[in-house]
Amino acid sequence: MTVLSVNNVSKTYNANTPNSVEAVRGIDFDLEEGEFLSVIGPTGCGKSTLMKMVAGLVEPTNGEIGFQGEPITGPREEIGVVFQEEST
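Residues numbered from 1 in each chain as written. Predicted model: local features only at pLDDT ≥ 70, side-chain atom pairs only at ≥ 80, totals over all residues. Heavy atoms only, no water.

### Here's the deal with the packing of aromatic side chains
In plain terms, the rule: Stacked, tilted and edge-to-face are the three classes applied to pairs of Phe, Tyr and Trp rings, where Trp contributes its six-membered ring and a pair requires centres within 6.5 Å; stacked means planes under 30 degrees apart, edge-to-face means over 60, and tilted covers the rest. Only Lys NZ and Arg CZ are tested; either one counts as a charge over a ring when it is within 6 Å of the ring centre and within 35 degrees of the ring normal.
Tallied over the entire structure, the rule returns zero aromatic pairs. Above the plane of the ring of Tyr13 lies Lys11, whose end atom (NZ or CZ) is 5.2 Å from the centre.

### Overview of the sheet that holds strand 2 (residues 21-32)
Note the cut-off: Only strands that DSSP links by at least two bridges are regarded as paired with each other. Only DSSP runs of H or I covering at least 4 residues are called helices, and only runs of E covering at least 2 are called strands; the numbering of each starts at the N terminus. Residues are treated as being in contact if the distance between any of their heavy atoms lies within 4.5 Å. The convention used is that axes are lines fitted to C-alpha atoms, helices contributing only their stretch in contact, and that angles between N-to-C directions extend from 0 to 180 degrees.
Pairing within the open sheet is antiparallel, and its four strands lie in the order 2-1-3-4. The sheet is open, and its two borders are formed by strand 2 and strand 4 (70-71), each paired with just one other strand. Across five bridges, strand 1 (residues 2-13) lies against strand 3 (residues 62-67) in antiparallel orientation. Bridge pairing in strand 3 links Ser10 to Asn62. Most of the contacts of helix 1 (residues 47-54) go to strand 1, to which it runs at about 125°, and overall it touches strand 1, strand 2 and strand 3.

Okay, structure coming up:
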């Protein structure tokens, strides 16, 4: 059973402005029950943005994210987030 699906997900902050920042582009994966996924990369490559989108804290600019067959449209009780640093 697919637990998490990420289909062609992208995120651009401040889209359509001179200050736009493309944080994530064209991410695709399916995570099946019992699997785990590691997201690694250098600072500023979009790891945290991807995790915030999966948690429903940030809306993707493009694409779809689903949890157990339902679209993620906001925070969900079944998905927890632990930030690296204190968050205000």
